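Coordinates in review
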Amino acid sequence: MIGLISATSAGAAARDRLAAAWPDRTRVYEGPVGDAVRAAFAECEQLVCFLATGAVVRLVAPLLGDKTSDPGVVCVDEGGRFAVSLVGGHGGGANELAGEVGELLGARPVVTTATDAVGVPGLDTLGFPVEGDVAGVSRAVLDGEPVALKADFAWPLPPLRVTSEGSYAIRLTDRLVEPAAHEVVLRPPSLVVGVGASKGAPVEEVLGLVEAALRDAGLSARSIAELATVDAKAGEPGIVEAAESLGVPLVTYSAEELAQVDVPNPSDAPLAAVGTPSVAEAAALVRGGELLVPKRKSDRTDGQPAMATCAVVRRPARGRLAVVGLGPGARDLLTPRAKAELRRASVLVGLDQYVDQIRDLLRPGTRILESGLGAEEERARTAVEEARKGQAVALIGSGDAGVYAMASPALAEASDDIDVIGVPGVTAALAAAAILGAPLGHDHVSISLSDLHTPWEVIERRVRAAAEADIVVTFYNPRSRGRDWQLPKALAILAEHREPTTPVGVVRNASRPDGSSRLTTLAALDPATVDMMTVVTVGNTATRDIAGRMVTPRGYRWQEGDK
């Protein structure tokens, strides 16, 4: 919950705008400002104070305890010009909140956290536990001192500006080790604990078994990704409460799935009880990995039979491939999600001219693998190979990466051993349509006229089908120096079914500074004025030119009115 506090009518107006925009996220605190801040600080995860920063500093200073648990505090000035991340920039999420508040109120976010200021990810913002000299190692990274990365295994991290050696170190491990001097230990979620339990097994027995198994194997409980068991035990209180106590999800599998897993210690008891010869080992191993702790039973001091079993597996790191659509070219049409993925990636793969568009958004240390036109399959293979090494990879394409771009060749190469994230982008067809008016108001189709990968016979059949079905058509790749006859042929096919006066929109470099657009007709369009940087949108029989804008109605009422 975000607590909102104000002292003046101007502050209250801005406060109420936030409250109206985020009704489920915010709570307004009325009354004397001091009392309101103290109450919100105790009750909320974050605060937005519409007060001077000096006043807020004096009010929250006596309340501060630990940066890992204190709420994040953002200040907004009286004029609504700035949203200042004051306290808890990382741990309290104030840096991100300042950006959200700024976007909503039209204020400029002010973030002074050193790592954010220079584009380096904070070690406490990577999404998993961190221990050791965070401040010292972060300062070394910022000062350009050599910081070594000591990783027990590959993991998809953002670029951290690290080297192979250095007096400071970042250690990535799930081992039960204490950080050395000038060292930070990162705990990735690499361990899966399979758990089996008899009905009524107490949580203390399940939890004690898991903790002992990890401790004896020299493994950290902070690296547990999940507890896993059989479906039949999904509601077993001891297992459910153990997962809650450890702060990890409980994942379950059917007995049929677990019975297919080859395990070193099968047993007749679980086979009879739940239909699989193994629960703990099979549940831990079902998605692959290295068995670090074979099936182990709980120790009971009362002489009664053990009621719980567990096994521990280290799953191989799954690389991360984000397929990112950059939009049609304008920076303001690049989505926030796309920007976030670009900054998260340690490896960027893309066409050289697209890399140039977003190079300034990348974090320092991002490895860039760029190539020229005609190397799409090679880029797709490279991106997948890097992800399989456990890297965080961004593969970029223009428009939407899934539309005539890099998503399909990449996913054709990828298997289920990596995580794939699709990031949508604004397509050229949509950007052009917004410039032209509303040509896509009814059913529409996009067709590429390039026959480099698709036989012309197939393309022609699709154009003819769209013509006969009276569907608005947007042509991609309409004409190049080596392909100058396809567009006239496609237009001739459409002309068999549409009037010569049918509106046609021609947009070149949609949304870019050198972009241009014009509205013409099917009869008047000169194909020689079209090139590969152009999209051509041909209306259907209902499309009209209204005040110089191309408009296709959502129905056919206009046609009925013309009769």
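In this convention, every chain numbers its residues from 1, walking through the sequence in written order. Only residues with pLDDT of at least 70 get local features here, since the model is predicted, and only at 80 or more are side-chain atom pairs given and counted; chain-wide, interface and lining totals rely on the full set of residues. Derived side-chain values reflect all non-hydrogen atoms in the structure, with water molecules and hydrogen atoms excluded from consideration.

**A word on the overall build of the protein**
Note the following rule: Numbering of helices and strands runs from the N terminus, with a helix taken as a DSSP run of H or I at least four residues long and a strand as a DSSP run of E at least two residues long. To sort residues, take the accessible area from a 1.4 Å probe on protein chains only and compare it with the maximum for the residue type: under 20% means buried, over 50% means exposed, and anything in between is partly exposed. Contact between two residues is taken to exist if any of their heavy atoms lie within 4.5 Å; hydrogens are not considered.
If you tally the helices and strands in the protein, you get 19 helices and 28 strands. Counting only C-alpha atoms, the protein reaches 90 × 65 × 55 Å along its principal axes. For the protein, the residues scored as buried account for 47% of the 563 residues in total. Excluding contacts between residues fewer than 6 apart, the proportion of contacts in the protein whose partners are at least 24 apart in sequence is 64%.

**A few points about the environment of Val184**
The topology assignment puts Val184 in strand β10 (residues 183–186). For the pair formed by Val184 and Ile170, sequence separation is 14 residues and the distance between their alpha carbons is 4.9 Å. Not counting the four nearest positions on each side in its chain, Val184 is found in contact with Leu123, Val130, Glu131, Gly132, Asp133, Val134, Val137, Ala169, Ile170 and Arg171.

**Let's talk about the state of the cysteines**
Spelled out, the test is: The rule for a disulfide is simple: a pair of cysteine sulfur atoms within 2.5 Å.
Using the criterion set out here, one finds 0 disulfides in the structure. For Cys44, which is in no disulfide, the shortest distance to another cysteine sulfur is to Cys49 and amounts to 10 Å. As a non-bridged cysteine, Cys49 has Cys75 as the owner of its nearest cysteine sulfur, 5.5 Å distant.

**A few points about helix α2 (residues 33–43)**
Selection criterion: To be clear, the arc concerns the directions from the helix axis to the C-beta atoms.
Three or more residues of α2 are buried, namely Gly34, Ala36, Val37, Ala40 and Phe41. Looking straight down α2, one finds that the buried residues subtend no more than 165 degrees of arc, so they occupy a single side. Taken together, the buried residues of α2 touch β1 (2–6), β3 (46–50) and α3 (53–60).

**Digging into the side chain of Gln46**
Note the threshold: Definition of a polar contact: a pair of N or O atoms within 3.5 Å, with one able to donate and the other able to accept a hydrogen when the atoms are protein atoms, and with sequence-neighbouring residues admitted only if both atoms are side-chain atoms.
Checked against the element boundaries, Gln46 lands in strand β3. Accessibility expressed as a relative area gives 15% for Gln46, which makes it buried. Side-chain polar atoms of Gln46 contact the backbone oxygen of Gly92, separated by 2.9 Å. Within polar-contact distance, the side chain of Gln46 engages the backbone oxygen of Gly93 at 3.2 Å. Discounting residues that sit within four places of it in the chain, Gln46 has contacts with Met1, Ile2, Gly3, Pro71, Gly72, Gly92, Gly93, Ala94 and Leu97.

**Here's the deal with the nonpolar core**
In plain terms, the rule: Note on terminology: a nonpolar core comprises buried Ala, Val, Leu, Ile, Met, Phe, Trp, Tyr and Cys residues joined through side-chain atoms within 4.5 Å.
If you look at the biggest cluster of nonpolar residues, it comprises 24 residues, and the most contacted ones within it are Val193, Val195, Val210, Leu214, Ile224, Leu227 and Val312. For this core, the secondary structure elements donating two or more residues are β11 (191–197), α7 (203–216), β12 (224–230), α8 (237–246) and β15 (308–314). Per-element accounting of this core gives the leading share, 7 residues, to α7. Each residue touching Leu214, except ones within four places of it in the same chain, is listed here: Leu191, Leu219, Ala221, Ile224 and Val312. Core analysis: the second largest hydrophobic core is formed by 21 residues, Ile459, Ala466, Leu522 and Val538 among them.

**Focus: the sheet that holds strand β13 (residues 250–253)**
For the record, the criterion: The pairing criterion is simple: DSSP has to find at least two bridges between the two strands. Only the contacting stretch of a helix is used when fitting its axis, a line to C-alpha atoms as for every element, and angles between N-to-C directions run 0 to 180 degrees.
Read from one edge of the open sheet, 5 strands run β13-β12-β11-β15-β14, paired in mixed fashion. One side of each edge strand has no neighbouring strand; the edge strands of this open sheet are β13 and β14 (290–297). Mean inter-strand twist for the sheet, computed between neighbouring axes without regard to direction, equals 25 degrees. Pairing between β12 and β13: 4 bridges, direction parallel. Bridge pairing in β13 links Leu227 to Leu250. Sitting on the sheet, α7 is in contact with β11, β12, β14 and β15, with an inclination near 40 degrees to β15.

**Description of the side chain of Glu386**
Structurally, Glu386 is set in helix α14 (residues 376–388). Those residues in contact with Glu386 that lie beyond four places of it in its chain are Val347, Arg367, Leu369, Gln391 and Val393.

**Notes on the packing of aromatic side chains**
Each aromatic ring pair is characterised by the separation of its centres together with the angle its planes make. Where we set the bar: Centres within 6.5 Å are what make two rings of Phe, Tyr or Trp a pair, Trp counting through its six-membered ring; a difference in plane orientation under 30 degrees is then read as stacked, over 60 as edge-to-face, and the rest as tilted.
Taken as a whole and judged by the stated rule, the model has 3 aromatic pairs. Here Trp456 and Trp485 contribute two aromatic rings whose centre-to-centre distance is 5.0 Å and whose plane-to-plane angle is 70 degrees, an arrangement assigned as edge-to-face. Remark: Trp485 occurs in the loop between β23 (472–476) and α18 (486–495) and Trp456 occurs in helix α17 (residues 456–468); sequence separation between them is 29 residues. You can call Trp485 partly exposed: its relative accessible area is 41%.

**As for unusual backbone geometry**
The residue Asn477 is not glycine, and still its phi comes out positive at about 45 degrees. Inspection of the secondary structure assignment puts Asn477 in the loop between β23 and α18. A relative accessible area of 23% places Asn477 in the partly exposed class. A positive phi angle, close to 55 degrees, is found at Ala547, a residue other than glycine. Residue position: Ala547 is located in the loop between β27 (544–546) and β28 (549–551).

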